[in-house]
Amino acid sequence: MVFADPGEARARAQGVLDSDPTPWRASVAHQVIGIWQRDWGDLRIALHHLRRARDLAARAQVPDREADVLATLGVALVHAGRTRQGLEALERGVAVSGGHTRARVLYRRAYASWVLGRHREALEDVRRAIPVLRQANDVIWTARALTLRATVHLALGAVDRAEADFTAAHAQWDTTGQEHDKADVVESRGLAAFRSGDIPVALRLLDEAEERYAKLGTPSFMLYIRRCEVLMAAGLAPEALAEADTATGALDGIGGQSTRKAELLLVAARAARLAGDPHTAIARAALAVRLFAGQRRTWWETHARLVLIEARVAAGRGSGRLVADAAAVAERLASFGAPAAPEASLLAGRIALSLGWTADAERHLAVAARSRHSGPPLARMTGWAAQALRARAAGSGRGVLEACRRGLDVLDDHRMTLGASELRARATEQGAELAALAQRASLDSGSPRRLLMWSERWRATVLSTPPTRPPADPALLGNLTAFREIAARAEEARSDGRPIPTLEREQRRLEREIRSRTLHMRGDAPGAEDRFDIGRLLERLGEVRLVELAVLDGRVQVLLCGQGRVRRFEAGLLADAETEAEHVQAGLRRLAHPGAEARLPVVEAMGRRLEELLLGPAAARLGSGPVVVVPPGRLHRVPWALLPSLRERVLSVSPSASSWLRAHETEPPPGGRHVLVRGPGLATGGAEVPELADRYGRPTLLEHDDARVPRVLEELDGATLAHIAAHGTFRADSPLFSALRMADGPLIVHDFERLDRSPYRIILSSCDTARLASVGADELLGLVTALLPLGTAGVLASSAPVNDHAVVPLMLALHKGLSAGLSLAEALRDARASLPGDALHQATGWAFTAFGAA
C-alpha cells in the first residue's frame with residue numbers, strides 16, 4: 001500500500017505498532033514507515049525504523065522477511081551516502097533469501113546500482129529478477145523491474161529499448177492500484193520523450209506526473225531534476241537554476257536523501273553555466289563532485305567533473321591542465337557508455353584550439369564529430385560543431401560552412417517540433433556557435449552576399465512560420481479568462497492603494513498554468529521553412545535600401561542591400577552602441593514630460609553618436625530613397641528615426657530581411673474592414689479615436705464595455721487596419737504576458753496567438769508597445785513579433801514612454817497619410833514633419849517605429 005496510498009499506509013503502520021504486534025507484524029510496520037520516510041521524509045528517521053524492522057525480522061526468524069527489510073535498508077543507506085554499508089546489506093539480503101523474495105531483493109540491488117551509476121550491474125540484476133517475478137505472476141514488481149530497466153537504458157542512450165520496456169510496464173500498471181508507481185512511470189516516460197528530443201511531450205508528461213504526486217502528497221525530487229534537464233534543453237536555464245535551488249532547499253528542510261541533493265547540485269551547476277553564471281556553476285559543481293566521490297558514485301562524479309571543467313573554461317580559465325582533465329573525463333564517460341562523452345571530447349578540443357594545440361584539438365574533435373550522424377538532435381549538433389571546428393583549424397572555409405549548414409538543419413527540424421513561439425525562440429541558442437562560425441567564415445571569404453545569407457540563416461527564425469495555434473483547450477481558455485479577471489482586480493486595488501498580495505499570488509499561479517499549457521504544444525509542420533533568396537530580395541527592394549546589421553566578435557558589420565548588390569561596411573562596437581541606446585531611452589523618457597527642452601540637443605547628439613556606431617561609413621551611401629533597417633536583437637530599443645541620416649526619410653524596421661520580404665509580398669484581406677479600439681485609463685481618453693471614426697465612415701468601434709478581450713479578438717481577426725489606443729505594459733520577465741489594457745483586463749501576447757489572421761496593418765498608439773525581449777541566439781519576443789508571423793504586414797508601435805497628449809496629433813496626421821494611400825512608414829515620416837518643433841512633440845515622433853513593409 002505504501003506506493004498505492006502512501007498516507008494511508010503510514011497511518012495503518014502506526015496503528016499496527018500501537019497494538020502490541022508480534023515481531024513479524026512490527027517488522028512490516030516499521031519497514032513501511034521507513035520506506036515513507038526514506039522516499040518523502042527524513043532519512044535519519046527512515047534509517048531508525050528500518051534498523052528496527054531488521055532486528056524484529058531477525059527475532060521473527062523468517063529469512064525472507066529479514067532479506068526484504070535488508071534490501072529496503074540497503075537502498076536507504078545508499079541514498080544516505082553510506083554506499084559500502086548499503087551494498088553490504090543488499091548482498092546479505094540476496095544471500096539469505098530465495099525464489100520470489102530473492103528476485104525482489106535483486107530488483108532493489110539493481111535500483112541501488114542505478115543510483116550509483118553502475119548501469120551494467122543494474123541491468124544484470126534486473127535480467128535475473130524479471131523471469132522469476134513473471135513466473136510468480138507478481139504484476140507490481142514485474143512492472144517496477146521493467147520501469148527500472150527502461151530508466152537504465154535511457155541513461156545509456158538506448159531510447160528505443162527504454163520505450164519498449166515503458167510500454168510493457170504501463171500495460172501492467174493499468175491493472176493495479178499503485179498510484180505512486182503509476183506517477184513514476186509517467187515521469188519516466190517524460191524523460192524518454194526528452195531523450196528522444198520531444199520537449200513539448202516531455203514537459204506535458206512531467207507536469208502530469210507532478211499533478212499525480214501532488215494528489216498523493218509525495219514530493220518527487222527526481223521529478224525536479226528531470227524537469228530541470230528539460231528546461232535547460234528548452235533554453236530556460238535561469239528557471240532550471242531557480243527550480244533546482246528551491247528543490248535543494250526543500251530537500252535539506254526535511255533531511256532528505258543526500259544522493260538526490262548531489263544530483264540537484266549537479267543540475268544546478270549545469271543550469272548556472274548555461275545561464276551565463278560560471279562562478280555559481282563552479283561552486284555547485286565542486287560541491288557535487290565531493291558528494292558523489294564520498295558516495296562512491298563514479299559515473300555521477302565524472303559528469304559533475306565535466307560541468308566543473310565547462311564552468312572553469314566559461315570563467316576564462318583555459319589551460320593545458322584543463323585539456324588533460326577534459327580528455328580524461330571524455331575517456332571515462334565513453335567507458336561508461338554515457339551519451340555525454342562526445343560533449344566532453346568537444347570541450348577538450350575547444351580548449352586545445354584556444355591554446356593553439358592543433359594536433360591535440362584534431363584528435364579530440366575527431367572523436368566528438370562521430371556523434372553527428374546519430375542520436376537525438378542536440379547530440380548530433382555537438383558532432384557538427386566539432387566537425388566545423390575541425391574544418392576551421394584545417395583552414396577549410398567550405399568545410400566550416402557545410403558543417404554549420406548540416407548542424408543548423410538538425411536544429412531547424414528540432415525547432416519545428418516545438419509549437420510555442422517562446423520555445424522556438426529559446427532553442428536557437430543551441431545553434432549560436434554554429435551560426436557564429438559560419439558568419440566568421442563568410443567574412444573571411446570576402447563575400448558580403450555570403451555574410452548576408454548566414455546572417456539571415458539564424459536571425460528571427462521564430463518569425464519564419466506562424467506559431468502553432470493554441471488548442472481549443474477549455475482549461476487554457478478558463479485560465480486566460482481568470483487571469484484577466486484577477487489582473488483587472490489587482491490593477492483596480494493598486495490604483496486605490498489597497499494591498500494585493502493574495503491577488504498577485506493568484507495572478508502568478510495563473511501565469512504559470514497558462515505558460516505550462518502553452519509549452520506543451522507541438523509544432524504543426526516539421527521541416528525547414530523556405531530558404532532566404534538574396535536575388536529575390538534585391539529584386540523586390542527596387543529603390544529601397546535594406547541595411548542589415550550583423551555582429552561578429554563584438555563589432556557591427558553593416559550589409560547595405562540595394563541596386564542589385566550587397567556591400568559591407570564596418571561600424572563600431574556593439575557594447576558601445578547598447579550603452580548609447582540606453583542613454584537615448586533615458587533621454588526620451590525625460591522629453592516625454594513638459595519642461596525638458598534643454599535635453600533636446602543632448603538627445604540629438606546621442607543620435608549622431610549612435611549613427612557613427614551603428615552605420616559608420618554606410619550612412620553616406622544610403623541614397624535618397626526609403627530605408628529598411630534590420631538590427632540584431634540586442635538593438636531592438638534603438639529609436640532609428642533619431643539618427644540624422646534616417647530622420648527625414650521613409651524608414652521602417654524589420655526583425656530580418658526574410659520577414660520584410662514576406663511582409664512586402666503579403667496581400668491585404670478583402671473587404672477593407674477597419675477596427676478602432678479604445679481602452680480605459682488613458683490621459684486623453686484616446687482622443688484621436690472619435691475623430692478617426694468620423695474619418696473612416698463606418699468602422700468597427702470598440703470602446704467602454706465593448707472593448708473586452710473576446711470581442712476585440714473577434715473583430716481584429718482578418719481586419720485590414722486596426723488602431724488600438726490602450727495602455728501597454730511590457731513584461732521583461734515574461735514577454736508573452738506583455739499586454740494592452742482592455743475593459744475586462746489585459747489583452748496579452750498569448751491572446752493574439754489565437755488569431756487565425758492578425759490585422760494587415762495594426763497601430764498601437766500607447767507607450768512601450770514596441771518593447772521586446774531578446775532571447776535565444778538573436779530572437780525577439782513581444783507584441784510586435786507575435787503579430788508579424790500571423791499575417792500582419794505592418795505594425796506601428798513605440799519603443800519608449802510617450803506623452804498621451806502629444807500622441808493625438810501624431811496619430812491624426814498618420815491616418816491622414818494612410819487615407820491618402822501611403823504606407824505606414826511614409827505616413828509616419830509625413831506625420832513627424834507635421835508636428836510642432838518643440839522637444840515634447842519631436843520626442844513623441846522619434847519614439848514610434850514602423851515595422852514590416854505595409
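Just so you know, these numbers come straight off a predicted model, no measurement behind them.

Novice: Quick question: what am I supposed to make of the overall build of the protein chain here?
Specialist: For the protein chain, the count of helices and strands is 37 helices and 16 strands. Along the three orthogonal principal directions, the C-alpha set of the protein chain runs to about 100 × 65 × 45 Å. Counting only residues that meet the buried cut, the protein chain has 59% of its 854 residues in that class. A separation threshold of at least 6 residues defines the contact pool for the protein chain, and within that pool the share at least 24 residues apart is 70%. For the protein chain, the exposed surface amounts to about 32,800 Å²; the carbon and sulfur share of it is 49%. For the protein chain, the centre of its 110 positive side-chain charges and the centre of its 102 negative side-chain charges are spaced 5 Å apart.

Novice: Where do I start with the packing of helix H27 (residues 534–541) against helix H30 (residues 657–664) in this structure?
Specialist: In a packed pair of helices, the relevant descriptors are the angle between the two axes and the axis-to-axis distance. Running from N to C, H27 and H30 point in directions that differ by 55°, and their axes come no closer than 11 Å. Regarding the angle of H27 to H30, the classification is oblique. With respect to the hand of their crossing, H27 and H30 are arranged in left-handed fashion. Residue-level inspection shows Arg536, Leu537, Arg540 and Leu541 of H27 in contact with H30, the latter providing Ala657, Trp660, Leu661 and His664. For the contact of H27 with H30, a count of residues per class yields 5 nonpolar, 1 polar and 2 charged.

Novice: Can you help me understand the pairing of strand S12 (residues 761–764) in this one?
Specialist: Within a regular beta strand, the side chains point alternately toward one face of the sheet and then the other, so they alternate between its two faces. Of the two faces of S12, the one carrying Arg761 and Ile763 and the one carrying Ile762 and Leu764 are both buried. Pairing of strand S8 (residues 721–725) with S12 involves 4 bridges; the strand directions are parallel. From the neighbouring strand, leucine 721 faces S12, where its bridge partner is arginine 761. As defined by bridge partners, S12 adjoins strand S15 (residues 794–798) across 3 bridges and the pair is classed as parallel. Bridged to isoleucine 762 within S15 is valine 795.

Novice: Just to check I follow, could you spell out the packing of aromatic side chains for this structure?
Specialist: Given two aromatic rings, their pairing is described by the distance between the two centres and the angle made by the two planes. Within the structure shown, the criterion is met by 8 aromatic pairs. With centroids separated by 5.7 Å and ring planes inclined at 75°, the aromatic side chains of phenylalanine 221 and tyrosine 224 adopt a geometry described as edge-to-face. One end of the pair, phenylalanine 221, and the other, tyrosine 224, are both in helix H12 (residues 221–233), 3 residues apart, so they sit about a helical turn from each other. For tyrosine 224, a relative accessible area of 21% translates into the label partly exposed. Three or more aromatic residues joined by ring pairs form one cluster here, namely Phe3, Trp36 and Trp40. The residue whose ring lies beneath arginine 10 is tryptophan 36, and the NZ or CZ to ring-centre distance is 4.0 Å. Between the NZ or CZ atom of arginine 372 and the centre of the ring of tryptophan 384, over which it lies, the distance is 5.3 Å.

Novice: What am I meant to see in the side chain of threonine 218 here?
Specialist: Following the sequence through the fold, threonine 218 ends up in the loop between helix H11 (199–216) and H12. When residues no more than four places from it in sequence are discounted, the contact partners of threonine 218 are Pro6, Trp40, His180 and Tyr213.

Novice: Explain the nonpolar core to me, please; I cannot follow it from the model alone.
Specialist: Considering soluble globular proteins, one finds that nonpolar side chains tend to be buried as a cluster. Within the largest apolar cluster, 133 residues are counted, with the highest numbers of intra-cluster contacts made by Ile199, Leu333, Cys404 and Leu423. Contacts of cysteine 404, omitting those with residues within four sequence positions, involve Ala388, Leu434, Leu437, Ala438 and Trp454. Among the nonpolar cores identified, the runner-up in size contains 97 residues, and Ala618, Ala719, Leu783 and Leu824 belong to it.

Novice: Looking at this model, I keep getting lost on the packing of helix H25 (residues 474–495) against helix H26 (residues 501–519). Mind explaining?
Specialist: Running from N to C, H25 and H26 point in directions that differ by 150°, and their axes come no closer than 9 Å. The angle between H25 and H26 falls in the class roughly antiparallel. The two elements H25 and H26 cross, and the hand of that crossing is left-handed. Note on element contacts: H26 touches H25 through Leu503, Glu504, Glu506, Gln507, Leu510, Glu511, Glu513, Ile514, Arg517 and Thr518, opposite Ala475, Leu476, Asn479, Leu480, Ala482, Phe483, Ile486, Ala487, Arg489, Ala490, Ala493 and Arg494. Grouping the constituent residues of the contact of H25 with H26 by class yields 12 nonpolar, 3 polar and 7 charged.

Novice: How should the sheet that holds strand S9 (residues 728–729) be read in this particular structure?
Specialist: Adjacent strands of a sheet pair through backbone hydrogen bonds, lying either parallel or antiparallel. Spatially, S9-S10-S11 is the arrangement adopted by the 3 strands of the open sheet, whose pairing is antiparallel. The outermost strands of the open sheet, each flanked by one partner alone, are S9 and strand S11 (745–748). The sheet contact formed by S9 and strand S10 (residues 739–742) spans 2 bridges and is antiparallel. When the bridges of S10 are listed, glycine 728 appears paired with leucine 740.

Novice: Would you explain the pairing of S8 in this entry?
Specialist: Judged by how many residues are buried, S8 sits mostly within the fold: 5 of 5 residues are covered. Of the two faces of S8, the one holding Leu721, His723 and Ala725 and the one holding Ala722 and Ile724 are both buried throughout. Sheet analysis places strand S6 (residues 674–678) next to S8, joined by 5 bridges and oriented parallel. By the bridge assignment, leucine 676 is partnered in S8 with histidine 723.

Novice: Honestly, unusual backbone geometry in this entry has me stumped. Any pointers?
Specialist: Backbone phi values are negative for most residues with the exception of glycine, while trans is the configuration of most peptide bonds. In this model, glutamine 61 sits at a positive phi of 60°, which is unusual for a non-glycine residue. Along the chain, glutamine 61 falls in the loop between helix H3 (43–60) and helix H4 (63–79).

Novice: Would you mind going over helix H14 (residues 258–274) with me for this structure?
Specialist: Since there are 3.6 residues in each turn of an α-helix, residues three or four apart along the chain are aligned in direction. Between its first and last C-alpha atoms H14 spans 25 Å; for 17 residues at 1.5 Å apiece the expected length is 24 Å, and the two agree. Count one or two residues on from H14 and you reach glycine 276, which has phi positive near 80°.

Novice: Is there a simple way to explain the pattern of salt bridges in this structure?
Specialist: Between side chains of opposite charge, pairing is possible as soon as their charged atoms come close. Overall, the coordinates contain 56 salt bridges when judged by the stated rule. Residue arginine 494 pairs with glutamate 491 through a salt bridge whose shortest N-O separation is 3.2 Å. Residue arginine 494 and its partner glutamate 491 are both found in helix H25; the two are separated by 3 residues, about one turn of the helix. What makes arginine 494 partly exposed here is its relative accessible area of 42%. Look at the salt bridges and you will find they share partners, linking Glu402, Arg405, Arg406, Asp409, Asp412 and Arg457 into a network.

Novice: Can you walk me through helix H1 (residues 6–17) in this structure?
Specialist: With 12 residues, H1 extends 17 Å between its outermost C-alpha atoms, agreeing within 8% with the 16 Å of an ideal straight helix rising 1.5 Å per residue. What H1 keeps buried is the set Pro6, Ala9 and Ala13. Seen from one end, H1 has its buried residues packed into an arc of 60°, which puts them on one side. In the core, the buried residues of H1 are packed alongside helix H2 (23–40) and H11.

Definitions and limits used
- Residues numbered from 1 in each chain as written.
- Predicted model: local features only at pLDDT ≥ 70, side-chain atom pairs only at ≥ 80, totals over all residues.
- Heavy atoms only, no water.
- Helix = DSSP H or I, 4+ residues; strand = E, 2+ residues; numbered from the N terminus.
- Buried < 20%, exposed > 50% of the residue type's maximum accessible area, 1.4 Å probe, protein only.
- Contact = heavy atoms within 4.5 Å.
- Areas by Shrake-Rupley, 256 points an atom, 1.4 Å probe, with all protein chains shown as cover.
- Lys, Arg positive; Asp, Glu negative; His and termini not counted.
- Charge placed at Lys NZ, Arg CZ, Asp CG, Glu CD.
- Axes fitted to C-alpha atoms, helices over the stretch in contact; angles between N-to-C directions.
- Parallel < 35°, antiparallel > 145°, perpendicular 65-115°, else oblique.
- Left-handed = near helix turned anticlockwise from the far one by under 90°.
- Nonpolar A, V, L, I, M, F, W, Y, C, P; charged D, E, K, R; others polar.
- Pairing = 2+ DSSP bridges.
- Phe/Tyr/Trp six-rings, centres within 6.5 Å; stacked < 30°, edge-to-face > 60°.
- Lys NZ or Arg CZ within 6 Å of the ring centre and 35° of its normal.
- Core = buried A, V, L, I, M, F, W, Y, C linked by side-chain atoms within 4.5 Å.
- Expected span 1.5 Å × (residues − 1).
- Salt bridge = Lys/Arg side-chain N within 4 Å of Asp/Glu carboxyl O.
- Arc of directions from axis to C-beta.

Keep in mind these values describe shape, not function.
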